[in-house]
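A look at the structure
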Amino acid sequence: MKHRYKRRINTVKNLLVAFCGLDGSGKTTQLNLLADWLESNHEHIFKTRQPCDFYRQNDKVRAYLDDGIVTNMHGIALLAAADRQFHVSEVIEPNLQHGHVLCDRYLYSSIAFFKARGESVDYIKAINKDVPEPDLTVFIDISPEEALRRIALRDAGQKTLFEEQDTSVFVKVRDAFLENIPSSALIIDGTQSKTAIHNEITSEFEKRRSFV
Ligand SMILES: Nc1ncnc2c1ncn2[C@@H]1O[C@H](COP(=O)(O)OP(=O)(O)OP(=O)(O)O)[C@@H](O)[C@H]1O
Ligand SMILES: Cc1cn([C@H]2C[C@H](O)[C@@H](COP(=O)(O)O)O2)c(=O)[nH]c1=O
């Protein structure tokens, strides 16, 4: 009798993981914990963040982020979209060839912030239509009050961003996150301990690895 062996080829895919949530929600903390965990498992990772300097260093963006001065929010949204396009093609996609890419903020942060700033979600999605969906989006949910409390503790004595100066903007940003985050995202209660949140993320990361 002739045995027929089914050959299974296991190809481990590198994942794009995006962290989103309010400022102070713990994105950077959790990105670093996931990076350390992956590296301790001998996996290649690349840490990055959005927005990049193209956006952050623009005079009109700075006037808005620092002091709330804006004449054309559509234009600011286009700068964020252009920044993301370059980041995807020049940084994220090349690095995904070599390992997992962990990105602090991504498209869903842009959708939430610009919705809170009065832009339509359809417009933000349209100008970002070509960027890839992350393999895992982590949304760390905390209240605006807790976000501002943590920022004040962390950045004591430093000038905060215009939108970090009272809870009203963050109330809108959080609502916009909750309305627009995809059902495939991992939504985490960010008031848990850092370790409990990390454990939820690693457990979901393991599930999202796809084998072909
Ligand atoms: N689960 C947690 N419980 C309590 N404090 C936390 C938790 N996670 C993070 N923090 C603390 O909250 C502060 C903000 O965390 P972190 O800088 O990681 O947030 P972030 O979302 O990256 O902020 P930003 O968007 O402003 O860069 C830090 O001082 C951090 O140590
Ligand atoms: C993705 C994205 C973010 N922003 C805002 C959100 C934050 O308030 C700042 C960056 O703050 P960080 O703590 O230094 O990361 O930028 C934005 O304006 N546009 C975007 O697309």
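Residues numbered from 1 in each chain as written. Chains lettered and ligands numbered in written order. Predicted model: local features only at pLDDT ≥ 70, side-chain atom pairs only at ≥ 80, totals over all residues. Heavy atoms only, no water.

What follows deals with the environment of lysine 115. With respect to the element layout, lysine 115 can be found in helix H5 (residues 107–116). Each C-alpha atom of the pair lysine 115 and histidine 87 lies 22 Å from the other, and the pair is 28 residues apart in sequence. Excluding anything up to four places from it in sequence, lysine 115 contacts Ser110, Val121, Ala176 and Glu179. (Helix = DSSP H or I, 4+ residues; strand = E, 2+ residues; numbered from the N terminus. Contact = heavy atoms within 4.5 Å.)

Two elements in contact, H5 and helix H8 (residues 167–180), have axes whose closest approach is 8 Å; the angle formed by their N-to-C orientations is 130 degrees. The orientation of H5 with respect to H8, classified from their angle, is oblique. Viewed along their axes, H5 and H8 form a crossing whose handedness is right-handed. The residues of H8 that touch H5, namely those facing Tyr108, Ser109, Ile111, Ala112, Phe113, Lys115 and Ala116, are Val169, Lys172, Val173, Ala176, Phe177, Glu179 and Asn180. Along the lines of polarity and charge, the residues of the contact of H5 with H8 split into 9 nonpolar, 2 polar and 3 charged. (Axes fitted to C-alpha atoms, helices over the stretch in contact; angles between N-to-C directions. Parallel < 35°, antiparallel > 145°, perpendicular 65-115°, else oblique. Left-handed = near helix turned anticlockwise from the far one by under 90°. Nonpolar A, V, L, I, M, F, W, Y, C, P; charged D, E, K, R; others polar.)

Right, let's talk about the site of ligand 1 for a bit. Around ligand 1, 16 residues are found, and the nearest of them are Lys27, Thr28, Thr29, Arg154 and Gln192. Contacts to ligand 1 include lysine 27, whose side-chain N or O atom sits 2.7 Å from an oxygen atom. Protein burial of ligand 1: of its 630 Å² of free accessible surface, 77% is covered by the chains. Because more than half of its atoms lie within 2 Å of the grid, ligand 1 is assigned to the largest pocket. Those elements giving two or more residues to the shell around ligand 1 turn out to be helix H1 (27–40), helix H7 (144–154) and helix H9 (194–208). A total of 3 residues in the shell around ligand 1 trace back to one element, the largest contributor, which is H1. Partitioned by chemical class, the residues of the shell around ligand 1 number 2 nonpolar, 8 polar and 6 charged. (Near = heavy atom within 4 Å. Polar contact = N/O pair within 3.5 Å; in protein donor to acceptor, adjacent residues only side chain to side chain. Areas by Shrake-Rupley, 256 points an atom, 1.4 Å probe, with all protein chains shown as cover. 1 Å grid on protein atoms, 1.4 Å probe; cavity = no way out; pocket = protein on both sides within 12 Å on 5 of 7 lines; lining within 4 Å. Sits in = over half its atoms within 2 Å of the grid points.)

With that settled, consider the sheet that holds strand S5 (residues 186–189). Spatial ordering of the open sheet is given by S2-S3-S1-S4-S5, a layout of 5 strands whose pairing is parallel. On the outer flanks of this sheet lie strand S2 (45–49) and S5, each paired with one strand and no other. If you compare each strand with its neighbour and ignore which way they point, the axes differ by 20 degrees on average. Strand direction decides the pairing type here: S2 and strand S3 (residues 100–104), joined by 5 bridges, are parallel. Considered in S3, the bridge of isoleucine 45 is made with histidine 100. Packed onto the sheet, H9 meets strand S1 (16–21), S3, strand S4 (136–141) and S5 and runs at close to 165 degrees relative to S5. (Pairing = 2+ DSSP bridges.)

Here we come to the site of ligand 2. In the region of ligand 2, 14 residues are neighbours, and Tyr55, Arg56, Arg105, Ser110 and Arg117 sit closest. One of the side-chain nitrogen or oxygen atoms of tyrosine 55 is found 2.6 Å away from an oxygen atom of ligand 2. With respect to ligand 2, the side chain of arginine 56 contributes an N or O atom lying 2.8 Å from an oxygen atom. Burial of ligand 2 by the surrounding chains reaches 88%, relative to a free accessible area of 490 Å². With respect to the pocket detection grid, ligand 2 is positioned in the largest pocket. Elements with a contribution of two residues or more to the shell around ligand 2: helix H2 (53–56), helix H4 (73–96) and H5. The greatest single-element share of the shell around ligand 2, amounting to 4 residues, is contributed by H5. Of the residues belonging to the shell around ligand 2, the class tally is 7 nonpolar, 2 polar and 5 charged.

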